[in-house]
Amino acid sequence: MFPWNIPVDVLIAILGNLSFRDLMSLRLMNRELDGLVGFEVKGRVHSIIRRFSTDPSVFLQHMEETKAVISGSCTAILVASANFEPGDLDVYVPYDQGSKLLGYLKDDGYHITYTRQIRLGLYRQEALLATYRLTRYADGTGPVYNVLVTRTSSALHPILRFDFSFVMNAITSRGVISLYPVLTMRMEGILNDKWLRTTAYPDSKRLAKYAKRGFSVVSPGSNGGLPIGSGMRHIKDRYSLFTPFGSQRGIWYAEGKEDLTWCSERDDPNWVYMLPS
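Here is a short report on the structure shown in this document. As a convention, each chain's residues are numbered from 1 in the sequence order in which they are written. It should be noted that, the model being predicted, local features are given only for residues of pLDDT at least 70 and side-chain atom pairs only at 80 or more, the latter also being counted only at that level, while totals for whole chains, interfaces and linings use all residues. Note that water and hydrogens are dropped before the side-chain values are worked out from all heavy atoms of the structure.

A helix here means a DSSP run of H or I that spans at least four residues, while a strand means a run of E at least two residues long, and both kinds are numbered starting from the N terminus. As for its position among the elements, Arg-136 is in the loop between strand E4 (128-135) and strand E5 (144-150). In this structure Arg-136 comes out as buried when scored by relative accessible area, which is 18%. Residue contacts are counted whenever heavy atoms from the two residues lie within 4.5 Å of one another. Once residues within four sequence positions are removed from consideration, Arg-136 is found in contact with Phe-52, Thr-54, Asp-108, Gly-109, Tyr-110, His-111, Thr-141, Gly-142 and Pro-143. Relative accessibility under 20% of the residue-type maximum defines a buried residue, over 50% an exposed one, and the middle range a partly exposed one, all with a 1.4 Å probe and only protein chains included.

What follows is the structure, encoded as structure tokens:
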């Protein structure tokens, strides 16, 4: 029996109806529920991946092997508990693992229908080497993967250059990362101030798309405890969230203890980035 003498099957049903924010609060407060919350989070990730892959567990294994991460709209859906369907799945993979991941997707029956080599220039694209669009059917229809190959050994680098903070999240093979969890779980975000200091301004259509989905942009003063003004941040600082699947080694929502060297090595100069704050 778990807390309050509630049967496990009833607890699982209750967890399935909680928001991501409530799950994180529960996980922090009750160690006995830690494992169940972790498996609920993994189940929600499986539900997202299942729209595109026949076997989410196998796809997560491929992500582990290639150090790939999922980002984009589907991660905002997960962290903010937003109610909309993702149109595609964005997968970021390091440059030396791109061919392997593309091979896995081809083996799963997907077809490359678009390829683009990225030139340096725009702030948001400097971390990308190439993009590939893969569709279930050769005629370009069906579920869509967007594979984005990075110039660095970390698949997280491009995510830190997104225009809005509410999409600065990632699903890894081991759990979920959110760089601005307090804001994102409120369906709010701040603008990446580096966009305002480059030629790459936020796309008004993109902002309208997220506004239609219930997200809003707020001033930095509403940023949930983050320091105002730019400063050095990294994915394990006390403003970020990592919640693992299952009951793996706990959660960090403050000073991090989790070892994430598998996705961004400590001796890699890209380990620490300048993030909007």
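Attention now goes to the nonpolar core. Most often, soluble globular proteins keep nonpolar side chains buried together rather than apart. Throughout this description, the term nonpolar core refers to a set of buried Ala, Val, Leu, Ile, Met, Phe, Trp, Tyr and Cys residues connected via side-chain atoms within 4.5 Å. Counting residues in hydrophobic clusters, the biggest one holds 40 residues, and the most contacted among them are Phe-20, Phe-59, Ile-70, Leu-89, Tyr-145 and Val-147. Per element, the largest residue contribution to this core is six residues, and it comes from helix H3 (residues 34-49). Setting aside its immediate chain neighbours within four residues, Leu-89 contacts Ile-48, Phe-52, Phe-59, Ile-70, Cys-74, Val-144, Tyr-145 and Asn-146.

This part takes up the environment of Arg-174. Checked against the element boundaries, Arg-174 lands in the loop between strand E6 (169-171) and strand E7 (175-178). Judged by relative accessible area, Arg-174 falls into the partly exposed class, the value being 25%.

A side-chain nitrogen of Lys or Arg and a carboxyl oxygen of Asp or Glu constitute a salt bridge if their distance falls within 4 Å. Counted under the stated rule, the structure contains six salt bridges. Of the charged contacts in the structure, one is a salt bridge between Arg-27 and Asp-34, with a shortest N-O distance of 2.7 Å. Note on Arg-27: relative accessible area 3%, which makes it buried. What makes Asp-34 buried here is its relative accessible area of 12%.

Time to look at the side chain of Glu-40. One can find Glu-40 in helix H3. Residue Glu-40 is classed as buried on the basis of its relative accessible area of 15%.

Let's shift gears to H3. A helix is expected to span 1.5 Å multiplied by its residue count minus one. Compared with an ideal rise of 1.5 Å per residue, which puts 16 residues at 22 Å, H3 spans 23 Å between its outermost C-alpha atoms and is within 8% of the ideal. Buried residues dominate H3, accounting for twelve of its 16 residues. Within the span of H3, buried status applies to Asp-34, Gly-35, Leu-36, Val-37, Gly-38, Glu-40, Val-41, Arg-44, Val-45, His-46, Ile-48 and Ile-49.

Below, the discussion takes up the environment of Ala-13. Mapped onto the secondary structure, Ala-13 falls in helix H1 (residues 8-15). Sequence separation between Ala-13 and Glu-40 is 27 residues, and the spatial gap between their C-alpha atoms is 9.8 Å.

As a further point, take the packing of helix H4 (residues 56-66) against helix H6 (residues 98-107). It is the contact of H4 with H6, at a shortest axis distance of 10 Å, that shows an interaxial angle of 165 degrees. Between H4 and H6, the interaxial angle falls into the category roughly antiparallel. Two packed elements cross with a definite hand, and for H4 against H6 that hand is right-handed. Note on element contacts: H6 touches H4 through Lys-100, Leu-101, Tyr-104 and Leu-105, opposite Phe-59, His-62, Glu-65 and Thr-66. Residues were grouped as follows: Ala, Val, Leu, Ile, Met, Phe, Trp, Tyr, Cys and Pro as nonpolar; Asp, Glu, Lys and Arg as charged; and all remaining residues, including Gly, as polar. When the residues that make up the contact of H4 with H6 are grouped by side-chain class, the tally is four nonpolar, two polar and two charged. Axis definition: a line fitted to C-alpha atoms, over the contacting stretch in the case of helices. Angles run 0 to 180 degrees between N-to-C directions. Working definition: roughly parallel below 35 degrees, roughly antiparallel above 145 degrees, roughly perpendicular at 65 to 115 degrees, and oblique for all remaining angles. In this scheme the handedness of a crossing depends on how the near helix is turned from the far one: anticlockwise by less than a right angle means left-handed, clockwise means right-handed.

These figures capture arrangement, not role.
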